[in-house]
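Architecture and fold: a report
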Amino acid sequence: MTKKYSVIAIALVFSFFSAIESTYAQTKSTKKAQKRAAKASKKAPKKEDALVLQQVEVVQQPQTTTTIPSTPVPSLATTPIKTIQYSDIAANSQELVITKPNGNVNWTQQYIEATGQSVIDNERFKNSAQAKLMATRGAVVVAQRNLLEIVKGVQIVGETTVQDMITTSDYVYSRVEGVVKGAQQIGEAKEKDGFIEVRLRMPIYGKESLAGTLDDQLLARARKENGFEKSPLLDQEGSDGSKGIDGSNPIVFNVENQTQIDPSMYPIVVDDNGKVLFDFSQHFRLKEGKFPQYLQMGKDVLQALGNTKGVDIINMIQTGKGQFQIPQKSSKKVFWNKVARIAQDVGAALFKLVF
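All chains use their own residue numbering, which begins from 1 and follows the written sequence. Only residues with pLDDT of at least 70 are given local features in this predicted model, and only at 80 or more are side-chain atom pairs given and counted; all residues enter the totals for whole chains, interfaces and linings. Excluded from the side-chain calculations are hydrogens and water; all other atoms, namely the structure's heavy atoms, are used.

**Thoughts on the environment of Val276**
- Looking at where Val276 falls in the secondary structure, it is placed in strand S12 (residues 276-279).
- Only protein chains enter the accessibility calculation, which uses a 1.4 Å probe; a residue is then buried when its area is under 20% of its type maximum, exposed when over 50%, and partly exposed in between. Judged by its relative accessible area of 9%, Val276 is buried.
- The spatial distance from the C-alpha of Val276 to the C-alpha of Phe228 is 6.2 Å, given a sequence separation of 48 residues.
- Contact between two residues is taken to exist if any of their heavy atoms lie within 4.5 Å; hydrogens are not considered. Residues in contact with Val276, not counting those within four places in the same chain, are Phe228, Glu229, Lys230, Ser231, Leu234, Ile268, Val269 and Val270. A run of H or I in DSSP becomes a helix once it reaches four residues, and a run of E becomes a strand once it reaches two; helices and strands are each numbered from the N terminus.

Put into structure tokens, the structure is as follows:
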């Protein structure tokens with residue numbers, strides 16, 4: 001009997017420990033599962049995050065139908081207007097150079113230039129250095145002679161040339177000759193195939209220049225010889241309601257017949273009847289300033305620079321030597337009396353002849 005109860009007691013104890021072990025194992029398994037779930041939830045994106053990632057992926061997909069430029073082009077409405085500067089015009093312009101035998105007249109840089117050559121005489125001068133020195137002196141004399149010939153052909157007012165003034169006045173000739181002899185040598189003398197070549201340059205305007213050899217009486221005589229008379233338009237002070245010229249900005253003359261341009265030191269602007277609207281020689285002191293500056297260019301250059309705001313463009317037609325004509329439609333837009341006053345107040349730099 002006692003043995004029977006002992007077996008039952010052992011069985012109950014075994015069952016009790018089995019139940020406890022099963023419960024513990026279950027609890028442990030549940031905790032492991034919860035830990036795995038927690039780890040998985042940390043790694044997995046939330047629903048909202050997954051949606052954002054999906055949208056980002058769509059945006060970052062390469063575009064095959066539309067090409068977006070790397071630098072956006074500014075709208076014309078927001079592009080600032082650029083005022084034309086003298087330096088901009090000059091930098092984008094071709095120089096107006098009239099080529100002459102043995103030299104040229106550069107109206108843009110405002111100088112006259114000539115070259116001279118002389119043979120190196122090694123037979124007469126046995127010393128090589130002396131022979132080259134004497135050839136250099138000879139080349140300078142030849143360059144001066146060539147320079148004088150070029151100067152004689154330069155137009156002063158209208159068709160009147162320096163030569164016309166020289167033939168009637170020994171005084172003018174001596175002054176012109178003195179300026180020529182004072183011309184500066186440009187660069188070093190060059191040796192070429194047994195001879196020496198030098199280049200001389202003299203200014204057209206300013207002190208010690210060609211303009212400095214002239215005076216008011218000579219210019220008055222030139223105007224008279226060309227038959228220039230005052231235009232009736234000079235008496236019109238804005239009857240057409242236009243605002244005239246802004247003296248703080250340059251006046252740009254746009255000449256139509258570019259291939260026929262024949263510059264002079266003091267150009268004349270005339271109306272349709274050939275009457276004088278503006279005479280450069282009457283509004284500037286001859287020994288002062290640099291004017292007019294000739295720039296060979298077109299309206300396309302002005303447009304390329306940005307805008308023509310602040311620049312009064314006056315269309316002109318080349319009608320003769322050193323003479324420009326204002327078409328009737330253009331002449332009504334300008335007060336030439338006011339132009340003259342501005343020319344005196346602002347100075348020579350106001351004007352630029354643009355071709």
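**Some details on the sheet that holds strand S11 (residues 268-270)**
- A pair of strands is labelled paired if DSSP reports no fewer than 2 bridges between them. The mixed open sheet is built from 8 strands, whose spatial order is S1-S13-S16-S10-S14-S15-S11-S12. Each edge of the sheet is formed by a strand with only one pairing partner; in this case those strands are strand S1 (94-95) and S12.
- In terms of strand pairing, S11 meets strand S15 (residues 323-325) through 3 bridges, oriented parallel. Considered in S15, the bridge of Ile268 is made with Gln323.

**A closer look at the side chain of Asp271**
- When you line up the elements, Asp271 lands in the loop between S11 and S12.
- For the buried residue Asp271, which engages in no salt bridge, the nearest side chain bearing the opposite charge is Lys275, 7.4 Å off.
- A polar side-chain atom of Asp271 sits 2.9 Å from the main-chain amide nitrogen of Asn273.
- Setting aside its immediate chain neighbours within four residues, Asp271 contacts Ser231, Pro232, Leu233, Leu277, Gln325 and Ile326. The charge count includes Lys and Arg as positive and Asp and Glu as negative, but it does not include His or the ends of the chains. Salt-bridge detection follows one rule: a side-chain nitrogen of Lys or Arg within 4 Å of a carboxyl oxygen of Asp or Glu. Polar contact is the term for a pair of N or O atoms within 3.5 Å; when the atoms are in protein, one must be able to donate a hydrogen and the other to accept it, and sequence-neighboring residues count only if both atoms are side-chain atoms.

**Some remarks on the pattern of salt bridges**
- Per the stated rule, a full pass over the model turns up 8 salt bridges.
- In this structure, Lys132 engages Glu191 in a salt bridge whose closest nitrogen and oxygen atoms are separated by 3.2 Å. Taken as a pair, Lys132 in helix H4 (residues 128-152) and Glu191 in strand S8 (residues 190-192) lie far apart in primary sequence, 59 residues in all.
- A residue is classified by how much of its surface remains accessible, and Lys132, at 34% relative accessible area, is partly exposed.
- Of the residues examined, Glu191 reaches a relative accessible area of 48% and is grouped as partly exposed.

**Describing helix H7 (residues 216-225)**
- For H7, the set of buried residues is Leu218, Leu219, Ala222 and Arg223. End-on, the buried residues of H7 take up no more than an arc of 140°, which puts them together on one face. Residues of H7 that are exposed and angled more than 90 degrees away from the buried face: Gln217, Lys224 and Glu225.
- Considering only its buried residues, H7 is in contact with strand S5 (155-157), strand S6 (160-161), helix H5 (162-166), helix H6 (170-181) and S12.
- A distance of 3.2 Å separates the backbone nitrogen of Gln217 from a side-chain oxygen at the start of H7, and that oxygen is part of Asp215.
- Gly227 sits one or two positions beyond H7 and adopts a positive phi of about 70°. Comment: arc refers to directions from the helix axis out to C-beta atoms.

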